[in-house]
Amino acid sequence: MYFSPVRVVPASESIGCGDRSVHSHWFHESLAIRSRISQETFGKIDMARPSTIPSRKPPRQARAQVTVNAILESTVRILEQDGLEAATTTRIATVAGVSVGTLYQYFSHRDAILDALQEREFSRALEMMGGVLSHDNLTLAPRETVTAVVRGLAKLYSESPALHRVLTVEGLRVMKSDQVEAFDIRVIAIIRHFLNASRTAIRRPNVEAAAFVIFQAVRAVMLGQLLERPVGLDAETLTNEVVDLIMRYLVEDAVIEPAPVAAAKVTRKAAKKTAKKKPS
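Position labels on residues start from 1 in each chain and follow its written sequence. At least 70 in pLDDT is required for a residue's local features to be given in this predicted model, at least 80 for side-chain atom pairs to be given and counted, and no such filter applies to totals for whole chains, interfaces and linings, which use all residues. To obtain the side-chain values, all non-hydrogen atoms of the structure were included, while hydrogens and water were left out.

Engineer: I would appreciate a short explanation of the overall build of the protein in the present structure.
Structural biologist: Across its full length, the protein carries eleven helices and two strands. For the protein, the N- to C-terminal ordering of α and β elements is β-β-α-α-α-α-α-α-α-α-α-α-α. Should any heavy atoms of two residues lie within 4.5 Å, those residues are counted as being in contact. Contacts spanning at least 24 positions in sequence make up 73% of the contacts within the protein whose residues lie at least 6 apart. Surface accessibility of the protein: about 15800 Å² in total, with carbon and sulfur atoms responsible for 57%. The helix count covers DSSP runs of H or I at least four residues long, the strand count covers runs of E at least two residues long, and both are numbered beginning at the N terminus. Only the protein chains shown count as cover for residues, with accessible areas throughout obtained via the Shrake-Rupley method and a probe of 1.4 Å.

Here's what the structure looks like:
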């Protein structure tokens, strides 16, 4: 699994590339506040459930890894077909072709399975982001890079939409807050690193803030579409809208017209020119 070799810079350091030097202290303070809020809020949702997920037994042999993968994939299949209520440990074990006792050897309860699935999705997202926003792609046009990232995220969601809906709702309950924050920090660091290294002139003077805003804005929009499923907003339309949002925020001053509108204007201009050339 590929992870971008980006180091999370301590608050005491400055992050810079050329004239883009910014201090990250405010950002790490905000994360500390978010941590306290999430622990205070989500820790009160289910007082009957322990605050931490019991450790999962890591698979040590290839055969054990196959069993764990079967359990995870069976859970995804049930979620996609029948929803969270149907995903009992008994049903998951049956679909995976293992006994309930075997399932409990690796996962103490269903939340532990959801926790493992969330970690797997985090890894997939980091792998995709690290690959697209790598040094090898610094020479690509900004719009091409942004489109690749948004399409990559949309693809992850579209492969298992029901799973991601469940993880969005259940994620902060079944996962430790520091796991979620570690993922957020890693993604923001990848974005910040790419922006600092990019040869494109970035409009935002504070690259640290820009990386945070981009990540949170894109995630909010895409999760909103995933949960609400608004009529008429397909994956391609959403991708185009999100890409335009990022491009206007980062690099482009001019208003970006949707492709059909721009094409219609070109057609009308061409028609007017042709009409003027015709003899009266």
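Still more ground to cover, so stick around.
Engineer: Whenever I open this one, the packing of helix 6 (residues 142–159) against helix 9 (residues 207–228) confuses me. Can you help?
Structural biologist: Describing two packed helices takes the angle between their axes plus the distance from one axis to the other. At a minimum axis separation of 11 Å, helix 6 and helix 9 run at an interaxial angle of 35°. The handedness of the crossing between helix 6 and helix 9 is right-handed. Residues V150, L153, A154 and Y157 of helix 6 touch helix 9, and the partners they reach there are V218, M222, L223 and L226. Here the nonpolar group is Ala, Val, Leu, Ile, Met, Phe, Trp, Tyr, Cys and Pro; Asp, Glu, Lys and Arg are the charged ones; every other residue, Gly included, is treated as polar. Its residues assigned to classes, the contact of helix 6 with helix 9 shows eight nonpolar, no polar and no charged. Axes, fitted as lines to C-alpha atoms, cover a helix only where it is in contact. Angles between the N-to-C directions of the axes lie from 0 to 180 degrees. Should the near helix be turned counterclockwise from the far one by less than a right angle, the crossing is left-handed, whereas a clockwise turn marks it as right-handed.

Engineer: Please clarify how the packing of aromatic side chains should be interpreted in this entry.
Structural biologist: When we look at a pair of aromatic rings, we describe it by the centre distance and by the angle of the planes. Ring pairs are drawn from Phe, Tyr and Trp, using the six-membered ring of Trp, whenever the two centres fall within 6.5 Å, and their geometry is named by plane angle: stacked under 30 degrees, edge-to-face over 60, tilted for the rest. The full count for this structure, using the stated rule, is two aromatic pairs. Ring centres 4.1 Å apart and planes at 10° place the aromatic pair F122 and F183 in the stacked group. A residue pair is termed long-range when its members are at least 10 positions apart, and F122 in helix 5 (residues 110–132) and F183 in helix 8 (residues 177–197) qualify at 61 residues. Assigned by exposure class, F122 and F183 land together as buried. Taking 6.4 Å as the distance between ring centres and 65° as the angle between the ring planes, the aromatic pair formed by F183 and F215 counts as edge-to-face. Of this pair, F183 sits in helix 8 while F215 sits in helix 9, and the two are 32 residues apart along the sequence. When sorted by exposure, F183 lands in the same class as F215, which is buried. Joined through ring pairs, the aromatic side chains of F122, F183 and F215 make up one cluster. For every residue, the accessible area (1.4 Å probe, protein chains only) is compared with the maximum for its type, and the residue is labelled buried under 20%, exposed over 50%, or partly exposed between those bounds.

Engineer: Explain the pattern of salt bridges here, please?
Structural biologist: Pairs may arise between side chains of opposite charge once their charged atoms sit close together. One speaks of a salt bridge when a side-chain nitrogen belonging to Lys or Arg is within 4 Å of a carboxyl oxygen belonging to Asp or Glu. In this structure the tally under the stated criterion is eight salt bridges. Across the pair E121 and R124 runs a salt bridge, and its minimum N-O distance is 3.2 Å. In this pair, E121 and R124 both sit in helix 5, three residues apart, roughly one turn of the helix. Residue classification places E121 among the buried positions, given a relative accessible area of 6%. Among the residues examined, R124 registers a relative accessible area of 30% and is labelled partly exposed. The partner of R192 in a salt bridge is E208, and the shortest N-O contact between them spans 3.5 Å. With a gap of 16 residues between them, R192 in helix 8 and E208 in helix 9 connect regions that are remote in the sequence. Under the relative-accessibility criterion, E208 is labelled buried at 0%.

Engineer: Help me out: how do you make sense of the nonpolar core in this one?
Structural biologist: Among soluble globular proteins, nonpolar side chains are generally buried collectively. Buried residues of nine kinds, namely Ala, Val, Leu, Ile, Met, Phe, Trp, Tyr and Cys, make up a nonpolar core once their side-chain atoms join them within 4.5 Å. One finds M129, L133, I191, L195 and I246 to be the most contacted residues of the largest nonpolar core, which totals 41 residues. Mapped by element, the contributors of at least two residues to this core are helix 5, helix 6, helix 8, helix 9 and helix 10 (235–250). Top contributing element to this core by residue count: helix 9, with ten residues. Beyond its immediate chain neighbours, meaning those up to four positions away, I246 contacts V146, V150, I214 and V218.

Engineer: I keep staring at the packing of helix 5 against helix 8 and nothing clicks. Help me out?
Structural biologist: Between helix 5 and helix 8, the least distance of the axes is 10 Å, while the angle of their chain directions is 5°. The orientation of helix 5 relative to helix 8 falls into the category roughly parallel. Residues D115, E119, F122, A125, L126, M129, G130 and V132 of helix 5 lie in contact with helix 8, whose contacting residues are Q179, V180, F183, R186, V187, I190, I191 and F194. Working rule for angles: under 35 degrees goes down as roughly parallel, over 145 as roughly antiparallel, 65 to 115 as roughly perpendicular, anything else as oblique.

Engineer: How should I be thinking about helix 9 in this particular structure?
Structural biologist: Note on helix geometry: an α-helix contains 3.6 residues per turn, so any two residues three or four positions apart are oriented the same way. Between the first and last C-alpha of helix 9 there are 31 Å, a value that for 22 residues agrees with the 32 Å anticipated at 1.5 Å per step. Along helix 9, the positions that sit buried rather than exposed are V207, E208, A210, A211, F212, I214, F215, V218, M222, L223 and L226. Two or three places before E208, at the start of helix 9, stands the capping residue N206, its side-chain oxygen 3.2 Å from that residue's backbone nitrogen. Just beyond helix 9, the residue with positive phi is R229, at close to 45°. One less than the residue count of a helix, multiplied by 1.5 Å, gives the span that helix is expected to have. Pairs of N or O atoms are called polar contacts if they sit within 3.5 Å, as long as, within protein, a hydrogen donor faces a hydrogen acceptor (for residues adjacent in sequence, only side-chain-to-side-chain pairs).

Engineer: Help me understand the environment of E144, please; the structure alone is not making it clear to me.
Structural biologist: You can see E144 is positioned in helix 6. Overall, the relative accessible area of 47% leaves E144 in the partly exposed class.

Engineer: Please explain the environment of S198 as it appears in this structure.
Structural biologist: Residue placement: S198 occurs in the loop between helix 8 and helix 9. Judged by relative accessible area, S198 falls into the buried class, the value being 13%.

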